[in-house]
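These are the residues of each chain, in order.
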Amino acid sequence: MIHSLIAVAVLALSAFAVATFPRSVLVFLLFQGSLLFVYKARIPERLRWGLLAIALLVLMPAIGYFNSYYLEVATQVGIFVALALGLNIVVGLAGLLDLGYVAFFAVGAYSWAIFGSPHANIIFGGEGFPLAGWWFYVFLFVGLGTAAVTGILLGLPVLRLHGDYLAIVTLGFGEVIRVLANNLDKPINLTNGPKGITPISRPPTPFGMPYGEYFYFLALAIVIAVIIANRRLEDSHIGRAWEAIREDELAARSMGVPLVRMKLMAFACGASFAGVMGVLFSAKQVFINPESFTFLESIGVLAMVILGGMGSIPGAIVGATVVTVLNLQVLKGFSLWLNELKNAGVTIFGFSLADLPTQFEPAKYERMVFGIILVLMMIFRPQGIFPARRRQRELAH
Amino acid sequence: MPSLFEARGVTKRFGGLTALHAVDFAVDRGIASIIGPNGAGKTTLFNVFTGLYAADEGSVTFRDRPLLGLRPDQITALGICRTFQNIRLFSNMTAIENVLVGMNSRITLGLWDVLSRNPGFRRTESELAARAVRLLQRVGLQASVNVVARNLPYGDRRRLELARALASEPALLLLDEPTAGMTQGEASALMHLLRGLVADLELAIILIEHNMRVVMEVSDRVTVLDHGEKIAEGPPREVQSNARVIEAYLGKRGAGPRARSGA
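In this text, all values refer to a predicted model and were calculated from it rather than measured experimentally.

**A closer look at the interface of chain A and chain B**
Reports often express the size of an interface as the amount of accessible area lost when the parts come together. Each partner contributes residues to the interface: chain A has 26 residues there, and chain B has 29 residues. Those elements giving two or more residues to the side of chain A that touches chain B turn out to be α9 (211–234), α10 (237–247), α11 (249–254), α12 (259–285) and α16 (389–396) of chain A. Counting residues per element, the side of chain A that touches chain B draws most heavily on α10(A), which supplies 7 residues. When the residues that make up the side of chain A that touches chain B are grouped by side-chain class, the tally is 13 nonpolar, 4 polar and 9 charged.

Now the structure itself:
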C-alpha cells in the first residue's frame, strides 16, 4: 500500500514539476526517471500499468502542450525503441551481429518518401503522385513488407557466416544501401541522390490533432505493437529456436531446428520493425536524405541494445531511451550550459572560462562523453541496465 | 523385409585420410552398439548418419527413405535424433527449455500463430510443456526442471541431453558415449533406463560406448570398427571372442602394446 502511494506521488510530483518548469531538462529527466520508478516499484500489476498508461497517454501529451520539444524527444525515443527492439531480435536473441541495421529503416523511409511525394512522378511520369495522405497507413505495411524482404535478401548470402565475418558483411550491406540512396539519381532518378526527397506527404490526422501529438501517439502505438510481437516471439518455439542457435548452432540443427528458416525469420522480423518506423520517420520529417541513415546510426542502435541489456525487452526500451535522451538533451544541454557560463565570463579558481580555446568547446565533446559512458558501462555493468535472464547467467559464472 | 535403418558401403574421406571405408550397418530394433579404439571412425559414422557430414560414397536409408543429402533438421524430423560425445546442451537455457527446443521438428505452428497467440498456439504450448516435464521425469530430472543446464551436475547433463533427444519423438536414437565420465553405478542405471525406453517406445538405439561391461550387458548386437573399417559384427559374446577384435583392442600377441600392421 505504501509503495503504491509513493509511486503515485512520485509520478504526480514529477509531472507537476515539468508543468511548473517546462524549460528545465533536469526536471524532464526526473519525469522519465519516475516512469522507470513506477515500472520497478513493488506495486500491484494493474496499478503499475494503469500509471504507465496515464503517464504516456495523458501526462506526456500534456507536457508537450507546455514544451513541444519534449514531445519531439518522446517521439524520437519511440522511434529508437522500435529500432532497438528490432535489432534486439537479431543480435540479442538469435545472436547474429548486424552492423547495418539502419538500412532497413532507410528502406522503409524511402518506400513512403518516394510514393508520398511528387518525386514518384519523375520515375513513373504523369501527375498521379503524391499519393493521397491516407495511403500512409497502407504504406506502414508496405514499409514493413519491403524491409522484411530486404532482411531476407541480406540474410541469404550471410547464412554461413558467424561473428566477426557476419558483422563485416552486414556493415557493408548497410553502407551499400546508403550509397545506393546517394547515387540512384542517375540513370533513373529513384532517390534524388544526396539532395534527398521533399516534401513528403503527411496523413490526415484524426480530430484535427496537431502533428506533434499525432506522431507521438502513432509512434507509441507502433512501439506497443512491436513490444507485444517481441514478447510473443520470445515466448514461443521460434524464440527458443533463436536462442538455441545462439547457444550452439550445430546442436540446434541436430535437434531439428531449421537453421536457414529461423535465421531468415530473425532477419525479417527485426527488419520489419525498422521498416514501419522508417515510414513514420519520413512522414514526420517531411524531408529525408541519405545522411539520416549513416553507419553511426546503426552503431547507435546497437549501443542502445548493448547498454540496455542484450536479449531483454525492457533493456532495449531503457537503452533506447537513455541514449536518445543523452544525445538529444543531456549532452546538448550540458554544452549549452557551459557555453552560457563561458559567455557570462565565469571564472573557476581564477581561470576565466572565456579564455578557453575553442578546441575545448564542450559541444565538441558530446561523442566523447557518450563513449566514456559506454566504456564505464562495459566495465561496471557489462550485462546492461536490464539484463535478460539468460545473459545474466552467461556473465555470472 | 528391409531394416528400419540401413547403411551400405559408407565411405568418408578427409583429404587423404579415409575415416570410414565401405561400412555396412543395419539396425531394426533393440540396442546395437558400435565399439572400437579411439579414432576408429565411430563418431564420424554418427555425423554421416545425422547429416552433419556428407558421405563420399554409399547409401543410408531410414524406413526406405534415402538420408544422404538431407539436412540435419530434416533427418531429425524423420525420426532420428542423437546426443553428443562432448555434451552440447544449450547451456544458458533451463532444462525444460532444452527439451522444448528438441520438440521443434514436431511443432507445426507458423509465425502467424505465434504473433496472434490463438487458442491453437496456447493449447500446443501447454501440451508441449507438459510433455517436456514428463520426459524430464522419465530420465530422473523432475527436480531440476527449471535449473539452468550449465548448473546441472555432469551426470544430469548427460541425462538432459537424452531427454532433449527423446523430445523429437525419434524411432532411432544415436547415443555417443552416454556413460562417459559416469561411475559404474550411474552407467548401470542409465542402461536400465535405455532398456526401458526400448521396451516402452519401440525405440531402436545405436550406442557408441567404451565401457565394455556396459556394452556386453546391454547390447543386442555389437559392431566393431577399426581404422574406419568394420572388422566384426554379431552378438556380444561372439564379438568378445573374435581374434581381430582382441587384436585391435589389445595389440598383436607378443608384439608389444598396440603394434599394428597398418590397416
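**Brief notes about the domain arrangement of chain A**
Taken as a whole, chain A is organised into domain 1 (1–66) and domain 2 (73–308). The distance between the C-alpha centroids of domain 1 of chain A and domain 2 of chain A comes to 31 Å.

**A few points about the sheet that holds strand β1 (residues 5–14) of chain B**
In space, the 4 strands of this open sheet follow the order β2-β1-β4-β5 (chain B), with antiparallel pairing throughout. Unpaired on one side and paired on the other, β2 (17–27) and β5 (65–66) of chain B mark the two borders of the sheet.

**Notes on the domain arrangement of chain B**
All names here are of chain B. According to the domain assignment, chain B contains domain 1 (1–79 + 170–263) and domain 2 (87–156). A C-alpha centroid distance of 29 Å is found between domain 1 and domain 2. At the interface, 7 residues of domain 1 touch 4 residues of domain 2. Elements that contribute at least two residues to the side of domain 1 that touches domain 2 include exactly α2 (72–78) and α7 (184–201). In terms of residue count, the dominant contributor to the side of domain 1 that touches domain 2 is α2 (3 residues). Its residues assigned to classes, the side of domain 1 that touches domain 2 shows 3 nonpolar, 2 polar and 2 charged.

**Comments concerning the nonpolar core**
All names here are of chain A. In this structure, Ala-84, Ala-266, Met-277 and Leu-280 are the most contacted members of the largest nonpolar core, which totals 186 residues. Broken down by element, this core gets its largest block of residues, 17 residues, from helix α4 (residues 68–93). Setting aside residues no more than four positions away along its own chain, Ala-84 makes contact with Val-301, Met-304, Val-305, Gly-308, Ala-316, Gly-319 and Ala-320.

Cut-offs applied
- Residues numbered from 1 in each chain as written.
- Chains lettered and ligands numbered in written order.
- Predicted model: local features only at pLDDT ≥ 70, side-chain atom pairs only at ≥ 80, totals over all residues.
- Contact = placed C-beta atoms within 7 Å.
- Helix = DSSP H or I, 4+ residues; strand = E, 2+ residues; numbered from the N terminus.
- Nonpolar A, V, L, I, M, F, W, Y, C, P; charged D, E, K, R; others polar.
- Domains from an automatic or database assignment.
- Pairing = 2+ DSSP bridges.
- Core = buried A, V, L, I, M, F, W, Y, C linked by C-beta atoms within 7 Å.
- Buried ≥ 20, exposed ≤ 12 C-beta atoms within 10 Å, placed from the backbone.

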